[in-house]
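Notes for the structure review
The chain contents come next:
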Amino acid sequence: MQLFLIQLVFVLSWSSGFIGAKLGAETAGAFNLLFWRFLLVTLCLAIVLNRQLGRLTLEKIRYHAVIGFLSQFLYLSCVYVAIQHGLPPGIAAVIAALQPLITAAMTTLEGSERSGARQWVGLVAGFVGVGIVISGQYALPTGSVSIVMYILPLVSALGLSVATIYQRRRALTAARSNEDGLFLPLFVQGGVSLVLFAVCGIVTGDLHVPTQPNVWVSVVWLTVFSTFMAYLTLWALLKRMPATRVATLVYLEPPVTLTWAAWMFGDSIQLSTYLGIVVVAIGVWLASKPGERATRARRAEMEAAGR
């Protein structure tokens, strides 16, 4: 029963980032919301870590700065901007779920792994599934969201895939960083992202102190649930379950986000959306090899703070 509850909280906290973005991004602006979220996260981590910050080396800072740029700044910027401009959170989650397929394709093209016909069929199926979801949205009378907003979550998935490949190539640094636990790497990644969100907020004119209560609810929501709760439940699950089993829980994110957004914001769910999710899930299953499933667990470590 305890394990089930941890799994439930993990899936909900994993999905909560898209919901939190919807709560505050349209009112406060994507970069402004992300700035205040990461300011709160970084301050909390600085207090918790305290003397542990002295364990950081220049090599680790450089390593986590790259990971932070790709898996937090780039990923979140694209998703939040898309949601700010009207893309439903559930649809953003479905599109971003293509990440393992993109990673598989990239590792094949660069020659670090070989993919057979099954993996390529899975890749095509995943993109077909997303196409079904998008076409269903455009069939709606209110389907006026720019196609660019549908592309942005793809850019997020691409950035996360690059981060995953970078992490593989820097296996020695990654192994050393694992000794630092979960929060020290998150502090560096969050700090780098905080600076970049501040710069983007200043350039776009979005950076300001929010006065709307819903924005602060969103900031606290994203800090508590989408960051710390996600990280802590990930840590708890990895102590109780194999990494591959933890990774499979991530596949529940798109349907949970869709259902949650429909209940909370009244987002309509089309039959084509369900069909698209099934096709994407089949594509991910086909494209996933044992090594790729382990990579999904590493993705969980990177993304938990990035939701």
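Residues numbered from 1 in each chain as written. Predicted model: local features only at pLDDT ≥ 70, side-chain atom pairs only at ≥ 80, totals over all residues. Heavy atoms only, no water.

Operational definition: UniProt positions are given in the numbering used here, feature names are shortened, and annotations may be inferred rather than shown by experiment.
By the naming in an unreviewed UniProt entry, the protein chain goes by DMT family transporter and is assigned to Burkholderia stabilis. Listed under Sequence similarities (unreviewed entry) in UniProt, the entry text for the protein chain is "Belongs to the EamA transporter family."

Some remarks on the overall build of the protein chain
Rule in force here: Secondary structure elements follow DSSP: runs of H or I no shorter than four residues count as helices, runs of E no shorter than two count as strands, and numbering proceeds from the N terminus. Relative accessibility thresholds used throughout: buried, under 20% of the residue-type maximum; exposed, over 50%; partly exposed, between the two (1.4 Å probe, protein chains only). Note on definitions: a residue-residue contact is assigned when non-hydrogen atoms from the two residues lie within 4.5 Å. A 1.4 Å probe and the Shrake-Rupley method give the accessible areas. Residues count as covered only by the protein chains that appear here.
Along the backbone of the protein chain there are 14 helices and zero strands. Moving toward the C terminus, one meets the helices and strands of the protein chain in the order α-α-α-α-α-α-α-α-α-α-α-α-α-α. Classification of the 307 residues of the protein chain by burial places 55% in the buried group. Considering only intrachain contacts with a sequence separation of at least 6, the fraction spanning at least 24 residues in the protein chain is 90%. For the protein chain, the accessible surface area stands at approximately 12900 Å², while carbon and sulfur atoms represent 71% of it.

Observations concerning a nonpolar patch on the surface
Note the cut-off: Each patch is built from residues that are more than 30% exposed by relative accessible area and take part in no salt bridge. Like charges join if they lie within 9 Å; nonpolar side chains (Val, Leu, Ile, Met, Phe, Trp, Tyr) join within 5 Å. Each reported salt bridge corresponds to a side-chain nitrogen of Lys or Arg within 4 Å of a carboxyl oxygen of Asp or Glu.
A surface patch of nonpolar side chains, amounting to about 520 Å² of accessible area, comprises M1, F4, L5, L8 and L12. Following the sequence through the fold, L8 ends up in helix α1 (residues 2-28). Overall, the relative accessible area of 38% leaves L8 in the partly exposed class.

Focus on empty space enclosed by the protein
Rules: Points on a 1 Å grid, built from protein atoms alone, make a cavity when a 1.4 Å probe fits but cannot get out and make a pocket when they are open with protein on both sides within 12 Å along at least 5 of 7 lines; residues with an atom within 4 Å of a point are the lining residues. Grid points are joined across faces, edges and corners, and a volume is the space filled by probe spheres set on the points. For this classification, the nonpolar set comprises Ala, Val, Leu, Ile, Met, Phe, Trp, Tyr, Cys and Pro, the charged set comprises Asp, Glu, Lys and Arg, and every other residue, Gly included, is treated as polar.
According to the stated counting rule, one finds four cavities of 30 Å³ or more in the structure shown. There is about 50 Å³ of room inside the largest cavity. The wall of the largest cavity is formed by P88, G90, I91, Q137, L258, A261, D267, S268, I269 and T273. Its residues assigned to classes, the lining of the largest cavity comprises five nonpolar, four polar and one charged.

Focus: the packing of helix α4 (residues 89-96) against helix α12 (residues 253-265)
Our working rule: To obtain each axis, a line is fitted to C-alpha atoms, and for helices this fit is confined to the stretch in contact; angles are then taken between N-to-C directions over 0 to 180 degrees. The labels follow the angle: roughly parallel below 35 degrees, roughly antiparallel above 145, roughly perpendicular from 65 to 115, and oblique for the rest.
One can describe the packing of α4 onto α12 by two numbers: an axis separation of 8 Å at closest approach and a directional angle of 170 degrees. Considering their axes alone, α4 and α12 lie roughly antiparallel with respect to each other. Note on element contacts: α12 touches α4 through E253, P254, T257, L258 and A261, opposite P89, G90, I91, A93 and V94. A breakdown of the residues in the contact of α4 with α12 according to their chemical character gives seven nonpolar, two polar and one charged.

Side note on the confidence of the model for the protein chain
Short version of the rule: As a per-residue measure, pLDDT reflects the predictor's confidence and takes values from 0 up to 100.
Put simply, the protein chain has an average pLDDT of 83, and 84% of its residues get 70 or more. The least confident element of the protein chain, judged by mean pLDDT, is helix α14 (residues 290-303) at 45; the most confident is helix α2 (residues 30-49) at 95. Across residues 291-305, confidence stays below pLDDT 50; counting only partners more than four residues off in sequence or on other chains, it has 58 contacts.

Here's the deal with α4
Most of α4 sits inside the fold, with eight of its eight residues counted as buried. All of the buried residues along α4 are P89, G90, I91, A92, A93, V94, I95 and A96.

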